[in-house]
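Here's the letter readout for the chains.
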Amino acid sequence: LTLPGEVRVYVTDMVVSLIAGAAVLRLLRKRRFDRYQRWLLLLGILLLVSLVRGVAAFGMQQSVNELRHYLFFAGVALYFATFPVSVGLYDRIGRIWLAMTIPMMIVVGLRWLAVFARVDLGVPAEKFGADAAIRVIDGPFTFFLAGAFVLTIPAWLWGERARWLRWISVLLLLFVLVLNRRTVWLAIVVGVAVVMLRDRRLGRRALLLVTLGAVMTAVAFVWLGGLQEGGD
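What counts as what
- Residues numbered from 1 in each chain as written.
- Predicted model: local features only at pLDDT ≥ 70, side-chain atom pairs only at ≥ 80, totals over all residues.
- Heavy atoms only, no water.
- Helix = DSSP H or I, 4+ residues; strand = E, 2+ residues; numbered from the N terminus.
- Buried < 20%, exposed > 50% of the residue type's maximum accessible area, 1.4 Å probe, protein only.
- Contact = heavy atoms within 4.5 Å.
- Areas by Shrake-Rupley, 256 points an atom, 1.4 Å probe, with all protein chains shown as cover.
- Core = buried A, V, L, I, M, F, W, Y, C linked by side-chain atoms within 4.5 Å.
- Axes fitted to C-alpha atoms, helices over the stretch in contact; angles between N-to-C directions.
- Parallel < 35°, antiparallel > 145°, perpendicular 65-115°, else oblique.
- Nonpolar A, V, L, I, M, F, W, Y, C, P; charged D, E, K, R; others polar.
- Polar contact = N/O pair within 3.5 Å; in protein donor to acceptor, adjacent residues only side chain to side chain.
- Phe/Tyr/Trp six-rings, centres within 6.5 Å; stacked < 30°, edge-to-face > 60°.
- Salt bridge = Lys/Arg side-chain N within 4 Å of Asp/Glu carboxyl O.
- Left-handed = near helix turned anticlockwise from the far one by under 90°.

## Regarding the overall build of the protein chain
And then number 1: Of the regular secondary structure elements, the protein chain holds eight helices and two strands.
And then number 2: Ordered by position from N to C terminus, the α and β elements of the protein chain give β-β-α-α-α-α-α-α-α-α.
And then number 3: Split into buried and exposed, the 232 residues of the protein chain put 34% on the buried side.
And then number 4: Taking as baseline every contact in the protein chain between residues at least 6 positions apart, the subset at least 24 positions apart corresponds to 67%.
And then number 5: As displayed, the protein chain offers around 15,300 Å² of accessible surface, 68% of which is attributable to carbon and sulfur atoms.

## Some details on the nonpolar core
And then number 1: Counting residues in each nonpolar core, the largest one holds 29 residues, and the members touching the most others are Trp-112, Leu-145, Phe-149 and Leu-172.
And then number 2: For this core, the secondary structure elements donating two or more residues are α4 (87–116), α5 (139–152), α6 (163–178) and α7 (182–198).
And then number 3: With eight residues, the single largest contributor to this core is α6.
And then number 4: Setting aside anything within four residues of it in sequence, one finds Leu-145 in contact with Thr-101, Met-104, Met-105, Ile-137, Leu-172, Val-176 and Leu-179.
And then number 5: The next biggest cluster of nonpolar side chains, apart from the first, holds six residues, and it includes Ala-23, Leu-27, Ala-77 and Leu-78.

## Re the packing of helix α2 (residues 35–58) against helix α3 (residues 60–80)
And then number 1: At a minimum axis separation of 9 Å, α2 and α3 run at an interaxial angle of 175°. Put simply, α2 runs roughly antiparallel to α3. Between α2 and α3, the contacting residues are Gln-37, Leu-40, Leu-41, Leu-43, Leu-47, Leu-51, Gly-54, Val-55 and Phe-58 on the first element and Met-60, Gln-62, Ser-63, Val-64, Leu-67, Tyr-70, Phe-73, Ala-74, Ala-77 and Leu-78 on the second.
And then number 2: Split by residue class, the contact of α2 with α3 holds 15 nonpolar, four polar and no charged.

## Some thoughts on the side chain of Thr-101
And then number 1: In this structure, Thr-101 sits in helix α4.
And then number 2: The exposure class assigned to Thr-101 is buried, which follows from its relative accessible area of 0%.
And then number 3: At 2.5 Å, the side chain of Thr-101 forms a polar contact with the backbone oxygen of Leu-98.
And then number 4: Setting aside anything within four residues of it in sequence, one finds Thr-101 in contact with Phe-144, Leu-145, Ala-148 and Leu-172.

## A look at the packing of aromatic side chains
And then number 1: This model, assessed by the stated rule, comprises four aromatic pairs.
And then number 2: Between Tyr-79 and Phe-83, the aromatic rings sit 5.2 Å apart at their centres with planes inclined by 75°, giving edge-to-face as the arrangement.
And then number 3: A residue is classified by how much of its surface remains accessible, and Tyr-79, at 25% relative accessible area, is partly exposed.
And then number 4: Relative to Phe-144, the ring of Trp-97 has its centre 5.9 Å away and its plane inclined at 25°; by these criteria the two rings are stacked. One end of the pair, Trp-97, is in helix α4; the other, Phe-144, is in helix α5, and 47 residues separate them in sequence.
And then number 5: According to the relative accessible area criterion, Phe-144 is partly exposed, its value standing at 26%.

## Thoughts on the pattern of salt bridges
And then number 1: Counted according to the given criterion, the structure contains two salt bridges.
And then number 2: One salt bridge connects Asp-91 with Arg-95, and the closest N-O pair in it is separated by 2.9 Å. Separated by four residues within a single helix, Asp-91 and Arg-95 lie in helix α4, roughly one turn from each other.
And then number 3: Residue class for Asp-91 comes out partly exposed when judged on its relative accessible area of 39%.
And then number 4: Measuring nitrogen to oxygen at the nearest pair gives 3.9 Å for the salt bridge that ties Arg-181 to Asp-138. Residue Arg-181 is found in the loop between α6 and α7, and its partner Asp-138 is found in the loop between α4 and α5; the two are separated by 43 residues along the sequence.

## Concerning the packing of helix α1 (residues 11–28) against α3
And then number 1: In the contact formed by α1 and α3, the axes pass within 8 Å of each other and the chain directions differ by 40°. For α1 against α3, the interelement crossing comes out left-handed. Counted together, Thr-12, Asp-13, Val-16, Ser-17, Ile-19, Ala-20, Ala-22, Ala-23, Arg-26 and Leu-27 of α1 and Arg-68, Leu-71, Phe-72, Gly-75, Val-76, Leu-78 and Tyr-79 of α3 form the full contact between these two elements.
And then number 2: In terms of residue class, the contact of α1 with α3 is made up of eleven nonpolar, three polar and three charged.

Structure, rendered in structure tokens:
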């Protein structure tokens, strides 16, 4: 769908706009906001101000394109902030998130097969923003895997009942590190630090997991060789 000013609207834009609108309607029913809701509302106001200033300086198309990425986060975050805190709800969200990483990792594996083994099973690179041999998916998709990895960190304290979660945790970390998105690496460091500060029992195990992932990544780069941008 193309709007005036050559602004293209995609299905994801409409979905996120509906979610943000639902969040605003839910907030209108509240008599008082908690601090997280106030911070998110402030972020929303800043985004609107930025959009207005951007339209005046750069035009509608570029300003909306820049806003789109922030709206994905702010709209969804505001919507979920309207629900009461519930361990059960967070657990369901986490399980759905982890389940959706499985097809994403399969896509990555298929793209690597096409790039390095010349076994093309029909997964187009342009659909996922591949911009280098090893980086077969775009940054936002890699962030999706990184967020799931951070969700698995507490499972390292759960004993035998969470063995499968620990395997997924190691697998996610390996995928994220080998995909070579440095901003994602930084986000993981910050995420691990936050989790460690909230639960001091995780300190050694979280550090060990990240160290293991770094070693595995170094071995992968040496073994595969020359898979980053350029020839150096």
